[in-house]
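Listed below, chain by chain, are the residues.
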Amino acid sequence: MKDLLLDASARAVRYVSGIGTRRITPHPEDIARLTALGGPMPEEPCDPRTVLALLDDIGSPATVASTGGRYFGFVTGATLPAALAANWIAGVWDQNAGMRVMSPVGAALEDITLGWLREALGLPPSTGVGFVTGATMANFTCLAAARHALLERAGWNVEDNGLFSAPPLTVVVSDEVHVSVLKALSMLGLGRTRVTRLATDDQGRIKSDSLPAFDDRTIVCIQAGNVNTGAFDPAAQICAHAHRYGAWVHVDGAFGLWAAAAPRRANLMAGFADADSWATDCHKWLNVPYDSGLAFVREPQHVRSAMTVSAAYLQASDLREPYQYTPEASRRARAIEVWAALRSLGRRGLADMIEGNCRMASRFAGQLRTAGYSILNDVVLNQVLVSFGDAAVTKRVISELQNEGTCWCGATEWHGQTAMRISVSGWATTEEDVDQSAAAVLRVAGSVSQSGAK
Ligand SMILES: *Cc1c(COP(=O)(O)O)cnc(C)c1O
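Residues numbered from 1 in each chain as written. Predicted model: local features only at pLDDT ≥ 70, side-chain atom pairs only at ≥ 80, totals over all residues. Heavy atoms only, no water.

**Topic: the overall build of the chain**
Of the regular secondary structure elements, the chain holds 13 helices and 11 strands. By the compact-globule yardstick of 22 Å for 454 residues, the chain fits well, its C-alpha radius of gyration being 23 Å. Principal-axis analysis of the C-alpha atoms places the extent of the chain at approximately 65 × 60 × 45 Å. Counting the 454 residues in the chain, one finds 52% classified as buried. Pairs at least 24 apart in sequence give 75% of the contacts found in the chain among residues at least 6 apart. When the accessible surface of the chain is split by element, carbon and sulfur atoms take 56% of a total near 19800 Å². Across the chain, the centroid of the 40 positively charged side chains sits 3 Å from that of the 45 negatively charged ones. (Helix = DSSP H or I, 4+ residues; strand = E, 2+ residues; numbered from the N terminus. Rg over C-alpha atoms; globule rule 2.2 N^0.38 Å. Buried < 20%, exposed > 50% of the residue type's maximum accessible area, 1.4 Å probe, protein only. Contact = heavy atoms within 4.5 Å. Areas by Shrake-Rupley, 256 points an atom, 1.4 Å probe, with all protein chains shown as cover. Lys, Arg positive; Asp, Glu negative; His and termini not counted. Charge placed at Lys NZ, Arg CZ, Asp CG, Glu CD.)

**Description of the side chain of glutamine 223**
Position of glutamine 223 relative to the elements: it lies in strand β4 (residues 218-223). Sequence-distant contacts of glutamine 223, that is, excluding residues within four places in its chain, are made with Ser174, Glu176, Val177, His178, Ala231, Phe232, Asp233, Asp252 and Phe272.

**Structural notes on a nonpolar patch on the surface**
On the surface, a nonpolar cluster with roughly 600 Å² of combined accessible area is contributed by Met1, Leu5, Ile89, Val92, Trp93 and Val105. Looking at the nonpolar patch element by element, the count peaks at 3 residues for helix α4 (residues 81-93). Relative to the helices and strands, valine 92 resides in helix α4. Accessibility expressed as a relative area gives 55% for valine 92, which makes it exposed. (Patch = residues over 30% accessible without salt bridge, like charges linked within 9 Å, V, L, I, M, F, W, Y side chains within 5 Å. Salt bridge = Lys/Arg side-chain N within 4 Å of Asp/Glu carboxyl O.)

**Observations concerning the pairing of strand β2 (residues 170-174)**
Of all 5 residues in β2, 4 are buried, a share of seventy percent or more. Note that β2 and β4 share 3 bridges and pair parallel. Each residue of the ladder has a partner; that of valine 172, found in β4, is valine 220. Of the strand pairs in this sheet, β2 and strand β3 (residues 196-198) are connected by 3 bridges, and their pairing is parallel. (Pairing = 2+ DSSP bridges.)

**Overview of the environment of arginine 11**
Along the chain, arginine 11 turns up in helix α1 (residues 2-18). A sequence separation of 93 residues divides arginine 11 from proline 104, and the C-alpha atoms of the two residues are 32 Å apart. When residues no more than four places from it in sequence are discounted, the contact partners of arginine 11 are Leu52, Ala53, Asp56 and Asp57. Within the structure, arginine 11 has its side chain in polar contact with the side chain of aspartate 57 (distance 3.1 Å). (Polar contact = N/O pair within 3.5 Å; in protein donor to acceptor, adjacent residues only side chain to side chain.)

**Here we look at the site of the ligand**
In the vicinity of the ligand lie 13 residues, with Thr136, Asp252, Asp281, His283 and Lys284 positioned nearest. Within the side chain of threonine 136, a nitrogen or oxygen atom sits 2.6 Å from an oxygen atom of the ligand. Residue aspartate 252 places a side-chain N or O atom 2.7 Å away from a nitrogen atom belonging to the ligand. In the complex, 83% of the free accessible area of the ligand, which totals 380 Å², lies under the protein chains. Class assignment of the residues belonging to the shell around the ligand gives a composition of 4 nonpolar, 6 polar and 3 charged. (Near = heavy atom within 4 Å. Nonpolar A, V, L, I, M, F, W, Y, C, P; charged D, E, K, R; others polar.)

**Quick notes on the sheet that holds strand β1 (residues 128-132)**
The sheet built from 7 strands is open, its strands ordered β1-β7-β6-β5-β4-β2-β3 with mixed pairing. Of all strands in the sheet, those bounded by a partner on one side alone are β1 and β3. Across the sheet, the mean angle from the axis of one strand to that of its neighbour is 20°, orientation sign disregarded. Direction of pairing for β4 relative to strand β5 (residues 248-252): parallel, over a ladder of 5 bridges. Residue pairing in the sheet places glutamine 223 in a bridge with aspartate 252 of β5. (Axes fitted to C-alpha atoms, helices over the stretch in contact; angles between N-to-C directions.)

**Quick word on the pattern of salt bridges**
Under the criterion given, the structure shown has 23 salt bridges. Arginine 396 is the salt-bridge partner of glutamate 400, the closest N and O atoms lying 3.4 Å from each other. Within this pair, glutamate 400 and its partner arginine 396 are both found in helix α12 (residues 391-404), separated by 4 residues, close to a single helical turn. Among the residues examined, glutamate 400 registers a relative accessible area of 29% and is labelled partly exposed. The exposure class assigned to arginine 396 is partly exposed, which follows from its relative accessible area of 36%. In this structure, a network of salt bridges that share partners links the residues Asp7, Arg11, Asp56 and Asp57.

**Considerations on the packing of α4 against helix α11 (residues 335-370)**
Following both chains from N to C, one finds α4 and α11 inclined at 150°, their axes separated by 8 Å at the closest point. In terms of orientation, α4 lies roughly antiparallel with respect to α11. Crossing of α4 against α11: the hand is right-handed. Here Ala82, Ala83, Ala86, Asn87, Ala90 and Trp93 of α4 lie close against α11, whose contacting residues are Ile336, Glu337, Ala340, Ala341 and Ser344. Here the residues of the contact of α4 with α11 are counted per class, giving 8 nonpolar, 2 polar and 1 charged. (Parallel < 35°, antiparallel > 145°, perpendicular 65-115°, else oblique. Left-handed = near helix turned anticlockwise from the far one by under 90°.)

**Here's the deal with the domain arrangement of the chain**
You can read the domains of the chain as domain 1 (2-68) and domain 2 (85-340). Computed from C-alpha coordinates alone, the two centres of domain 1 and domain 2 are separated by 35 Å. (Domains from an automatic or database assignment.)

**Looking at the packing of helix α5 (residues 104-121) against α11**
With their axes 9 Å apart at the nearest point, α5 and α11 run at an angle of 30° to one another. Relative to α11, α5 is oriented roughly parallel. Here α5 and α11 pass one another in a crossing that is left-handed. Between α5 and α11, the residues in contact are Gly106, Leu109, Glu110, Ile112, Thr113, Trp116, Leu117, Glu119 and Ala120 and Ala335, Ile336, Val338, Trp339, Leu342, Arg343, Arg347 and Leu350, respectively. Taken together, the residues that form the contact of α5 with α11 break down as 11 nonpolar, 2 polar and 4 charged.

This is the structure we're talking about:
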């Protein structure tokens, strides 16, 4: 075991040391070589060192270097050093975090981080949380709590009786709703298209001047951080309006919720603490490894009622039992890396990381704008949308940039225009990374427009 772990650590160090200088996406030959991991299921056991060598030698070159400083795809955080090291310890502990009796440390870290997170994100002191896989499941879990609360008030036990014959619920979303909210609604029997859509403005924010009347069986889904522009819905007005009718307000804040931790961006989060539930990801902007979403609910009894189970062999204590807040029963102790990230950053480090990424996004946008390209969004957070001309030209710039390998940015559509989307979400991104990446984008865009002119 010892030699194996030392070998794994040497290989990990080699991988991390090379991340800043390698190309972001693997060479096609490296991807082709992945077949060496397959073949028929082996008949006989094999030395774990051989297994590890095969995984590293074949697998490592075929990764995407998303933990380095020049990956700007989707909204993908890297992994902080403390979170990565904690993840190794989490691996050797192999705790089942479902119940306190199965992992006292797992449960304690959930209690501790919940307190820290409420403070850092400015959430009400009553707020409870489930540690789930990601924002999709966080949206699901929060909306299950909303479904429970509104139907319980209407005298209907949805967990026991399901939705057939239940009093109908109305779900209101923005025109810019994230697909994960729609997926959560579909899994909850509320329907992807059985929703009322609210109109949005040029940045993708709900227009709050024409809100319809709601009722006390309405769930209103708003967002902190539009996945394209980074814009925030006007939460104060929407929450005040919704609560007059007794509606439930749910916030999809997969990455944007973290703006609350950076004093200079906290104005964007005005009014969001008035909501009833909030979904966010730690594997995005907190920069912890994947499998780390948070489902926050203001009145935790609703998520507990929606998620808890009982069986004779379960050994629930009088304290908070992790499994009572999540769809999963057995699961890894997700709070370990969250704790390590928050403990190592402190409030100031967290604020600096969020603010730093936002500044890098502005820097990136500034260099592209100076070169004459149009930035399609107000860069209020960490997201930049840039167009290089018509759709065909912009698509060519994106695909040639991805092939060139200096940095990685994806494509999106914004209000009918094809755009390159740049998301600065990793702790490791420096000004040099941004300058080097912006130079690569300009080089590629220049050569695309020249070859187009011929
Ligand atoms: C990423 C994202 C999600 C989904 O998060 P996962 O962790 O991929 O499940 C939901 N909403 C928004 C706004 C996002 O950016």
